[in-house]
Amino acid sequence: MILSKIPLSFFQTKNVQEIAQNLLGKIIYTNINGQITSAMITETEAYQGPEDRASHAYNNKRTVRTEAMYKLGGCCYIYLCYGIHYLFNIVTNVHNIPHTVLIRSGKIHTGIEHVQERRGIHIQASKLLQGPGNFAKGLGINMNLNGVDVNTNHIWIINNEMQNPTIIKTQRVGIDYAGEDALLPWRYILKD
DNA sequence: GTGCCGATGATCT
DNA sequence: GATCATCGGCACG
C-alpha cells in the first residue's frame, strides 16, 4: 500500500455518492498552529447540490455562505451550524457544480492529546470525533479553512485503500425539511 | 441503553 | 423573527 496524498482530481469527478464512499477509510490530517492531528474517516454524507432539497445549494442558491460550494472540487466548505458547531464538507465536481461531502465521524489516528484538549471533555477515545460538530472541533477545523484546498500544509488527506470495506448506507441525518430527498440513502458508514 | 430539551448565533426573509 | 446538515446532560429504569 502506498501512503500518498490524494490529489485534488480525486474530488473533481461527477459522482458525489461515489466520492463520499471512497473517502471512507482515508486519513485526514490537520496542522493547526503546529499541532498535527489526524483521523480515519468513518462516516460521510453526499449532498447533490441543485437537485437535492437537503443541500444548501438547492436550486443553485448562491449566497455569501454557500460561495465555496461553487468552487472547483477539492476545497473545504465550512459553516456554523446551530450557532455552535462548525461542520466540515469537501466540495466535489467541477467549477460551478456545488456538490459536497459532509464528513460526519472519524477514528482518532494521531495527536490524541491535542484532540482531547480541543474537545475539553472527558470521554472515551472512540467517541472523540463522533458526530460532525465533534469531528471538526477535535481536528481544530473552523472558518479559517473555508475555501482552502485539502492538499495544503494545513489540511490534507492520505490514501488508505481498504481491502474489503463494508459500507452501511442509510438516510441522512437532520434534514427532515428536505421532503422526499430526506429518504435518499446517501449517508455512508464504515462498519467497525 | 432511549428520549427529551435548551444552548446559541449566522443567515436569510 | 424563524430557521437550522448538532451536542451533552439529565431523566428514566
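Residue indices follow the written sequence of each chain, beginning from 1 at its first position. Naming scheme: in the order in which they are written, chains are lettered from A and ligands are numbered from 1. Per-residue local features are limited, in this predicted model, to residues with pLDDT of at least 70; the limit for side-chain atom pairs, both in listing and counting, is 80 or more; totals at the level of whole chains, interfaces and linings are taken over all residues. With hydrogens and water set aside, each side-chain value is computed from the structure's full complement of heavy atoms.

## Focus: the protein's contact with DNA strand C
In the vicinity of DNA strand C, 22 residues are found, and the nearest of them are His56, Tyr79, Asn89, Gly133 and Tyr177. Backbone atoms, meaning sugar and phosphate, make up 63% of the atoms of DNA strand C lying within 4 Å of the protein. We define a polar contact as two N or O atoms separated by no more than 3.5 Å, with the added condition that, inside protein, one atom must be a possible hydrogen donor and the other a possible acceptor, whereas residues neighbouring each other in sequence contribute only through side-chain atom pairs. One of the side-chain N or O atoms of Tyr79 is found 3.1 Å from a base nitrogen in DNA strand C. Take Pro132: an N or O atom from its main chain is 3.2 Å from a phosphate oxygen of DNA strand C. Of the residues in the surface near DNA strand C, the class split is twelve nonpolar, eight polar and two charged. It suffices for a single heavy atom of a residue to lie within 4 Å of a molecule or strand for the residue to be listed as near it. Think of it as three bins: nonpolar holds Ala, Val, Leu, Ile, Met, Phe, Trp, Tyr, Cys and Pro, charged holds Asp, Glu, Lys and Arg, and polar takes everything else, Gly as well.

## Considering the pattern of salt bridges
Any two side chains of opposite charge can pair if their charged atoms end up close together. Salt bridges are defined by distance alone: a side-chain nitrogen of Lys or Arg within 4 Å of a carboxyl oxygen of Asp or Glu. Counted under the stated rule, the structure contains five salt bridges. For Glu43, the salt bridge identified is with Arg187, shortest N-O distance 2.8 Å. With a gap of 144 residues between them, Glu43 in strand 2 (residues 35-47) and Arg187 in strand 8 (residues 187-190) connect regions that are remote in the sequence. The classification of residues rests on relative accessible area computed with a 1.4 Å probe and restricted to protein chains. Under 20% of the type maximum is buried, over 50% is exposed, and intermediate values are partly exposed. Residue classification places Arg187 among the buried positions, given a relative accessible area of 18%. The salt bridge involving Arg62 is made with Glu67; its shortest N-O contact spans 2.9 Å. By relative accessible area, which is 44% here, Arg62 ends up partly exposed. Within this structure, Glu43, Glu45, Arg104 and Arg187 form a network of salt bridges that share partners. Elements are defined by DSSP. Helices are runs of H or I of four residues or more, strands are runs of E of two residues or more, and each kind is numbered from the N terminus.

## A closer look at unusual backbone geometry
Located in the positive-phi region is Asn33, a residue other than glycine, with phi close to 55 degrees. With respect to the element layout, Asn33 can be found in the loop between strand 1 (27-32) and strand 2. On the basis of relative accessible area, Asn33 is assigned to the exposed category, the value being 80%. In this model, Asp192 sits at a positive phi of 75 degrees, which is unusual for a non-glycine residue. Looking at the element boundaries, Asp192 is found in the segment after strand 8.

## So, the nonpolar core
Nine residue types can take part in a nonpolar core, namely buried Ala, Val, Leu, Ile, Met, Phe, Trp, Tyr and Cys, and a core is a set of them joined through side-chain atoms within 4.5 Å. In this structure, Leu23 and Phe88 are the most contacted members of the largest nonpolar core, which totals 38 residues. If we ignore the near neighbours within four places in the chain, the residues touching Phe88 are Ile28, Cys76, Tyr77, Ile78, Val101, Leu102, Ile103, Phe135, Ala136, Ile141 and Ile155. Judged by nonpolar contacts, the second largest core, of 16 residues, contains Tyr77, Tyr79, Cys81 and Leu102. In what follows, a contact means two residues having at least one pair of non-hydrogen atoms within 4.5 Å.

## What to know about helix 2 (residues 112-119)
Taken as a whole, helix 2 has its buried residues at His114, Val115, Arg118 and Arg119. Across the axial projection of helix 2, the buried residues extend over an arc of 130 degrees, all falling on one side. Where helix 2 is buried, its residues contact strand 1, strand 2, strand 5 (99-110) and helix 3 (132-138). Positioned one or two residues after helix 2, Gly120 has a phi angle of 60 degrees, which is positive. By definition, the arc is the one covered by directions from the helix axis to the C-beta atoms.

## Description of the pairing of strand 8
Two strands make a pair as long as DSSP finds a minimum of two bridges between them. Direction of pairing for strand 2 relative to strand 8: antiparallel, over a ladder of three bridges. Counted as the bridge partner of Glu45 is Arg187 from strand 8. Bridge analysis of strand 7 (residues 167-170) against strand 8 gives four bridges, and the strand direction is antiparallel. When the sheet's bridge partners are listed, Ile168 is paired in strand 8 with Ile189.

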